[in-house]
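# Working through the structure, step by step
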Amino acid sequence: MATRRPYPRRRPAPRRNVRRSAPRRRTSYRPRSRRWSRRRGRQFDVQVLVFGAVVLAAAAVWAAVSWLMTNWWALIVLGAAATVVTAGWAHRRQQQRAWDRTRQQALRFGLPELDALHHRDFEYAIRDLMRRDGCTDARQIGGAGDNGADVLATDPLGRTWVIQAKHRKDGDRGSAVGTPDLQRVNGTARQIYGADIVLVVTNGRFSTRCAPLAAQLHMHLADRRVLATWASGGRPLWELLPRIPAPRNGR
């Protein structure tokens, strides 16, 4: 008797990895016509507000002009009041300027007073003395990055002054001002500041080598003696120093 062959087993089909897409988010849908109408509505509201403001401003101006045309005397009163206020302000300003000039012209310093100053206050004192002599633009610039200059000024004859102030707490008993101080200010005074006159002033003394170097570099020195005459008197500094350059532009 013949035997039946067993049927071959079927291999299961491989499973396919099916990627499931993420569920779509529901977005709120706004009709385009509705958004457009709201935008137009906001623009219309802004235009109405602007138009209303313009109308109110025009009405206020018209009412003011109409009132002034009827009450013309108010213009005269306002004009007189403005004239009085302007004249008073100008008079007070003129008096203040006159007082400042008088105070500056009466400025005097004694050597003990200068010796007691801080080195920064000594620079301000030199500035005030230059202003007393008519250098209205004199200003103190000493500090970090001053390039060796402590005071800048323009005298009434148009000459530019670059001043280095060397303060000594002990006066002429302190250390002498040396040639490095002269070389420092000389290297920048003319190139950076356009100086006509380069001056080193001190309430102390200069070393013996300073005077020949100053003459060679066309610089000027004001020691304790010159400073005392200048600060306590009324003569300007350029009348006390020798060989001052001629004024600019033939003044």
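Presented here is a report on the structure given in the accompanying data block. Nothing here was measured: the structure is a model prediction, and the numbers come from that model. (Residues numbered from 1 in each chain as written. Predicted model: local features only at pLDDT ≥ 70, side-chain atom pairs only at ≥ 80, totals over all residues. Heavy atoms only, no water.)

## Quick notes on unusual backbone geometry
In plain terms, the rule: Strands are runs of DSSP state E lasting at least 2 residues, helices are runs of H or I lasting at least 4, and numbering of each runs from the N terminus. Exposure is judged per residue with a 1.4 Å probe applied to protein chains only, and the accessible area is read against the type maximum: over 50% gives exposed, under 20% gives buried, and values in between give partly exposed.
Non-glycine residue histidine 218 carries a positive phi angle of around 60 degrees. Tracing the backbone shows histidine 218 in the loop between helix 6 (210-217) and strand 5 (220-222). What makes histidine 218 exposed here is its relative accessible area of 60%. Even without being glycine, arginine 243 reaches a positive phi, approximately 55 degrees. Checked against the element boundaries, arginine 243 lands in the segment after helix 7 (224-232). Assessed through its relative accessible area of 69%, arginine 243 is described here as exposed.

## Brief notes about the layout of surface pockets
Where we set the bar: Buriedness of a pocket was judged along seven lines, with at least five required to meet protein on both sides within 12 Å; pockets are open sets of points on a 1 Å grid over the protein atoms alone, cavities are sets where a 1.4 Å probe fits but cannot get out, and lining residues have an atom within 4 Å of a point. Grid points are joined across faces, edges and corners, and a volume is the space filled by probe spheres set on the points. Residues are grouped as follows: Ala, Val, Leu, Ile, Met, Phe, Trp, Tyr, Cys and Pro are nonpolar; Asp, Glu, Lys and Arg are charged; every other residue, Gly included, is polar.
There is about 280 Å³ of room inside the largest pocket. If you trace the largest pocket, you find 17 residues lining it, with His220, Leu221, Ala222, Pro242 and Arg243 closest to the centre. Counting only elements with at least two residues in the lining of the largest pocket, the list comes to helix 6, strand 5 and helix 7. Here the element with the most residues in the lining of the largest pocket is helix 6; it accounts for four residues. Across the lining of the largest pocket, the residue classes tally to 12 nonpolar, two polar and three charged.

## Focus on the side chain of glutamine 140
Test applied: Nitrogen and oxygen atoms within 3.5 Å of one another constitute a polar contact, given that in protein one can donate a hydrogen and the other can accept it, and given that sequence-neighbouring residues count only through two side-chain atoms. Should any heavy atoms of two residues lie within 4.5 Å, those residues are considered in contact.
Here glutamine 140 shows up in strand 1 (residues 139-140). Here the side chain of glutamine 140 touches glutamate 123 through a polar contact of 2.6 Å, side chain to side chain. Leaving out residues up to four positions away in the same chain, glutamine 140 has contacts with Arg120, Glu123, Tyr124, Arg127 and Asp150.

## Details of the nonpolar core
So the rule is basically this: We define a nonpolar core as any set of buried Ala, Val, Leu, Ile, Met, Phe, Trp, Tyr and Cys residues linked to one another through side-chain atoms lying within 4.5 Å.
Counting 26 residues, the largest nonpolar core has Ile126, Met130, Trp161, Ile163, Leu199, Val201 and Leu241 as its most contacted members. At the level of elements, helix 4 (119-132), strand 2 (151-154), strand 3 (160-166), strand 4 (197-202) and helix 7 are the ones that each hand at least two residues to this core. By size, the runner-up hydrophobic cluster in this structure holds 15 residues, among which are Leu152, Ala189, Phe206 and Cys210.

## Points about the pattern of salt bridges
Filter applied, for reference: When a carboxyl oxygen of Asp or Glu lies within 4 Å of a side-chain nitrogen of Lys or Arg, that pair is called a salt bridge.
This model, assessed by the stated rule, comprises seven salt bridges. In this structure, glutamate 123 engages arginine 120 in a salt bridge whose closest nitrogen and oxygen atoms are separated by 3.0 Å. Of the two residues, glutamate 123 and arginine 120 are both situated in helix 4; the distance of three residues between them amounts to about one turn of the helix. Note that arginine 127 and aspartate 128 form a salt bridge whose closest N and O atoms lie 2.8 Å from each other.

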